[in-house]
Amino acid sequence: MHPIFTADSIKVIEQEAAKAQGFALFELMERAGRAAFDCMEREWPLAHRVVIVTGSGNNAGDGLIVAGLAQRVGMQVTLVPIKPLDELSGDAARAWQQIKDKNINIKEPSQAIFEQADVIVDALLGTGFKDHLRDEYAQVIEQINQSGMPVLALDLPSGVYADTGLCAEPHIRADHTVSFIFYKVCQVMNEGLAAQGELHLATLGVGQSQFYQQRPVAWKQSYADVIDEMPERSATTYKQACGHLMCIGGDFTMGGAIMLATEAALRSGAGLVTTFLHPDNRSAALGFCPEAMWHGVAFEELSFNSLIEINPKQFDAIVLGPGLGRSEWARQVFEQAFSYAVQQKLPCLIDGDGLFWLQKSIEENDSVTLPQPLILTPHIGEAARLLSCDTGKVSNDRIAAAKNIAVKYHCICLLKGAGTILADGQQVVIAGGAHPAMATAGLGDVLSGLIGSLVVQGMSGWDAARLATSIHFAAGVEAAGDRTRGMLASELIETINFLVNR
């Protein structure tokens, strides 16, 4: 897993690493420029005409190092400075002095200049960008984007906010980005994922286990980091030993959500799944997945205790909420199932409209006993409701929102979005990423079933949520293939089955 830092922490690490290793900060700038130049040569081996756009800070210095290296190998280099190069200060000024007498072309920004480039190097704004774009920067960013030419961004695309992954408008849309030393928040979540193109990390010789008293705000995990955690299974095992999951939801007209969760649970290895849903959906559910045990729950049967006494089963966890709805039927089902989870001390995952009813329950009784462990899987709107705030506040700091939900509800929070955030009150992990084909209904229901399945197979709630999130995203990317739209959530289930058996 990779540690994720704020921009301010990265600055401290740079300074402390230079002191500890006995080199000047300018050497780090030279290393950064060399790493960026190497990336450019690797990704665009036939490039000859390079246009480098510079701003006013150290990001400009990185770009000037690239300019010197490019000219040295015979490339045609054009500098487009937004701030006059003779007005640069610090290490950026030193980088300019090194190439000032090399007769490099210097031009005013224009659409024509950018359209003539084989590669544009974005060295405008680095991690220090925190406010609004000035007009001259906005104009040149628009020109770069409209040129249609390939873009290499240094550290992060200009116009992206380092500590949130949110973006100013306009912002650079890069083809490749070289991040220096450690990953920043913007490189693992939100709109920054789309802006950066393919991401490369250049550590610049800084030890990746040396944080110099700076704490990562999160850890980034990939599918490869966690797939080996998949529970092993003996050849002589039997279905009861593989766990029994209870799924609850599927109000009238919304049965599909709980069906997707149920099939995902079975296809990812749960030994048994019993699902309670609105009786009008039972026939369709049996046809959809005959391997599950479907119970049509009517008003006169709304006692989970009595149902289980009549037909006793040992459940290992509950998934509550997919397609549950907000009707009176839904309210009663939620209350019964929630109470049952508490009484039986069952791990409980709450998703979809189950989150609405949870928030209502706590609003009415703030001392309500919660199931443990409890896993909540909100999207931004549901997170805002759980925190009694607006969606803008959640969007502006999704990491803080996930942490606050984890503390408020004594739970594992899985905040869905571009870069899903998992928090348990002590640690934060970011998993998955962004893919346009995954903007489709039902994916969250599949994820809920997958998490529930891993819990009943013996994983802790935290580990199940981490592993499931990475498997789910990997399955989405693989199932989508070359598509950017039109993928169905049900298509992920077959791929999930493949990935958990890989």
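For the structure given in this document, a descriptive report is provided here. (Residues numbered from 1 in each chain as written. Predicted model: local features only at pLDDT ≥ 70, side-chain atom pairs only at ≥ 80, totals over all residues. Heavy atoms only, no water.)

1. Here we look at the overall build of the protein chain
Here is the rule: Only DSSP runs of H or I covering at least 4 residues are called helices, and only runs of E covering at least 2 are called strands; the numbering of each starts at the N terminus. Classification of residues uses two cut-offs on accessible area relative to the type maximum, computed with a 1.4 Å probe and protein chains only: under 20% is buried, over 50% is exposed, and between them is partly exposed. For this analysis, residues touch if any pair of their heavy atoms sits within 4.5 Å. Residue-level accessible areas treat just the shown protein chains as cover; the underlying method is Shrake-Rupley with a 1.4 Å probe. Charge convention: Lys and Arg are scored as positive, Asp and Glu as negative, and His as well as the terminal groups of each chain are ignored. In this description, the location of a charge corresponds to atom NZ of lysine, CZ of arginine, CG of aspartate or CD of glutamate.
Within the protein chain one finds 19 helices and 19 strands. Across the 502 residues of the protein chain, 57% fall into the buried class. Counted over contacts in the protein chain with a minimum sequence separation of 6, partners at least 24 positions apart contribute 73%. For the protein chain, the exposed surface amounts to about 21000 Å²; the carbon and sulfur share of it is 47%. Each charge class in the protein chain can be summarised by its mean position, and for the 37 positive and 56 negative side chains these summaries are 3 Å apart.

2. Overview of the environment of Leu79
Turning to its location among the elements, Leu79 is positioned in strand S3 (residues 76–81). The class for Leu79 is buried, based on a relative accessible area of 0%. Residues Leu79 and Thr54, 25 residues apart in the sequence, show an inter-C-alpha distance of 7.4 Å.

3. Examining the packing of helix H2 (residues 25–43) against helix H4 (residues 90–99)
Selection rule: Interaxial angle, 0 to 180 degrees, is taken between N-to-C directions of lines fitted to C-alpha atoms, where a helix line uses only the stretch in contact. When describing relative orientation, an angle under 35 degrees is termed roughly parallel and one over 145 degrees roughly antiparallel, while 65 to 115 degrees is termed roughly perpendicular and anything else oblique. By definition, turning the near helix anticlockwise from the far helix through less than a right angle yields a left-handed crossing, and turning it clockwise yields a right-handed one.
Following both chains from N to C, one finds H2 and H4 inclined at 60°, their axes separated by 10 Å at the closest point. Considering the angle they form, H2 stands oblique to H4. The hand of the H2/H4 crossing is right-handed. When H2 is examined against H4, the residues Leu25, Phe26, Met29 and Glu30 are found in contact with a partner set consisting of Asp91, Ala92, Arg94, Ala95 and Gln98.

4. Let's talk about the state of the cysteines
Basically, it comes down to this: In this description, a disulfide is simply a cysteine sulfur pair whose atoms lie within 2.5 Å.
Inspection of every chain in the model, using the stated rule, returns 0 disulfides. The cysteine Cys186 is free of any disulfide, with Cys167 supplying the nearest cysteine sulfur at 8.2 Å. Cys411 carries a free sulfur, and the closest cysteine sulfur to it, the one in Cys413, is 5.6 Å from it. Note on Cys411: relative accessible area 4%, which makes it buried.

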